[in-house]
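Structural characterization, general
Each chain, letter by letter, is given below.
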Amino acid sequence: MIQNRGNIKWGSLMLPEHLELLRECKQTEYVEPPREQMDWELEEMQQTIDQAINQQLEVKLNVWMEGKITQWTGIIKSINFNTNELILETLIKTKRIPLQHVQSTQLEVNYYD
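Residues numbered from 1 in each chain as written. Predicted model: local features only at pLDDT ≥ 70, side-chain atom pairs only at ≥ 80, totals over all residues. Heavy atoms only, no water.

Attention shifts here to the sheet that holds strand β1 (residues 58-65). Taking strand neighbours across the sheet as the criterion, the five strands line up as β4-β3-β2-β1-β5 in an open arrangement whose pairing is antiparallel. Since the sheet does not close on itself, it has two edges, and those belong to β4 (94-98) and β5 (102-107), each with one partner. Across the sheet, the axes of successive neighbouring strands diverge by a mean angle of 45 degrees, strand direction being ignored. The pairing of strand β2 (residues 68-80) with strand β3 (residues 85-89) spans five bridges and is antiparallel. Following the sheet pairing, Ile-75 is matched in β3 by Glu-89. (Pairing = 2+ DSSP bridges. Helix = DSSP H or I, 4+ residues; strand = E, 2+ residues; numbered from the N terminus. Axes fitted to C-alpha atoms, helices over the stretch in contact; angles between N-to-C directions.)

A separate point is the pattern of salt bridges. Overall, the coordinates contain three salt bridges when judged by the stated rule. Its salt-bridge partner being Glu-20, residue Arg-23 comes within 3.4 Å of it at the nearest N-O pair. You can see Arg-23 and its partner Glu-20 sitting in helix α1 (residues 16-29), three residues apart, about one turn around the helix. Relative accessible area serves as the criterion here: at 48%, Arg-23 is assigned to the partly exposed category. Among the residues examined, Glu-20 registers a relative accessible area of 39% and is labelled partly exposed. The salt bridge partner of Lys-60 is Glu-108, with a shortest N-O separation of 3.5 Å. Of this pair, Lys-60 sits in strand β1 while Glu-108 sits in the segment after β5, and the two are 48 residues apart along the sequence. (Salt bridge = Lys/Arg side-chain N within 4 Å of Asp/Glu carboxyl O. Buried < 20%, exposed > 50% of the residue type's maximum accessible area, 1.4 Å probe, protein only.)

Listed below in structure tokens is the structure:
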């Protein structure tokens, strides 16, 4: 079976400037801009976050960071209103997440307890 090596086979024929431009193009190609949210989405997220804090429920957050959506699951310990950050405690560490980067929230309901 023939294996295609992609751009590797052409690397020796390209100028260093071309290789640098190709690297930059690949890095910016996958950058996803943050999605604008409607008022009802923001209100729904606020209600979910309030419920998660009051009842100490596990919540799944989709967060926009560095051009891509990252998913975090944990328990929200508090909200720092001075810096507009959520304090999320995951299994491994405590994470500070800016509120403006949160794209969606969902409560993790465990029916087996």
